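Coordinates in review
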Amino acid sequence: MNRQGAIAAAYAAGGGSAAVAAAIKTAEIAHYRRIIASCKANSLPFNNFTVALLDLGTGGS
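Below you will find a few notes about this structure. Because the structure is a prediction, the values reported are computed rather than measured. (Residues numbered from 1 in each chain as written. Predicted model: local features only at pLDDT ≥ 70, side-chain atom pairs only at ≥ 80, totals over all residues. Heavy atoms only, no water.)

Once that is clear, we can look at helix H3 (residues 47-55). Burial in H3 covers these residues: Thr 50, Ala 52 and Leu 53. Down the axis of H3, the buried set is contained in an arc of 150°. They therefore lie on one face. For H3, exposure combined with an orientation more than 90 degrees from the buried face picks out Asn 47, Asn 48 and Asp 55. In this fold, the buried residues of H3 make contact with helix H2 (17-41). Gly 57, located one to two residues past H3, shows a positive phi value of around 85°. (Buried < 20%, exposed > 50% of the residue type's maximum accessible area, 1.4 Å probe, protein only. Helix = DSSP H or I, 4+ residues; strand = E, 2+ residues; numbered from the N terminus. Arc of directions from axis to C-beta. Contact = heavy atoms within 4.5 Å.)

This is the structure in structure tokens:
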């Protein structure tokens with residue numbers, strides 16, 4: 001599922017703001033991990049995306 005679809009599904013599932021926020025955070029983490037994997041596969045820089053993962057509390061990975 002892509003990022004927009006995952007976020008739309010989080011809102012549709014409901015369950016309160018904490019549940020929606022957790023689902024959105026999970027979707028964002030998966031999104032940035034897919035970008036990093038693509039950058040690595042194509043020998044492109046990906047440092048900005050690891051910063052985003054740090055901001056999301058993953059430790060950058």
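On we go from here.
All right, on to unusual backbone geometry then. Excluding glycine, most residues fall at negative phi; most peptide bonds, likewise, are trans. Positive phi, normally seen in glycine, also occurs at Ser 43, with a value near 55°. Judged by relative accessible area, Ser 43 falls into the exposed class, the value being 69%.

Two elements in contact, helix H1 (residues 3-13) and H2, have axes whose closest approach is 9 Å; the angle formed by their N-to-C orientations is 170°. With respect to each other, H1 and H2 are oriented roughly antiparallel. On H2, the residues touching Arg 3, Ala 6, Ile 7, Ala 10 and Tyr 11 of H1 are Val 20, Ala 23, Ile 24, Ala 27, Glu 28, His 31 and Arg 34. (Axes fitted to C-alpha atoms, helices over the stretch in contact; angles between N-to-C directions. Parallel < 35°, antiparallel > 145°, perpendicular 65-115°, else oblique.)

Here we take up H2. In this model H2 runs 36 Å from its N-terminal to its C-terminal C-alpha over 25 residues, within 8% of the 36 Å that 1.5 Å per residue would give. For H2, the set of buried residues is Val 20, Ile 24, Ala 27, Glu 28, Ile 29, Ile 36 and Cys 39. Check the buried side of H2 and you find it contacts H1 and H3. Note on H2: the residue one or two positions beyond its end, Ser 43, has a positive phi of about 55°. (Expected span 1.5 Å × (residues − 1).)

On to the side chain of Glu 28. Take Glu 28: it is sitting in helix H2. Contacts of Glu 28, omitting those with residues within four sequence positions, involve Arg 3, Ile 7 and Leu 56.

Everything listed here is a matter of coordinates, which is why it stays silent on function.
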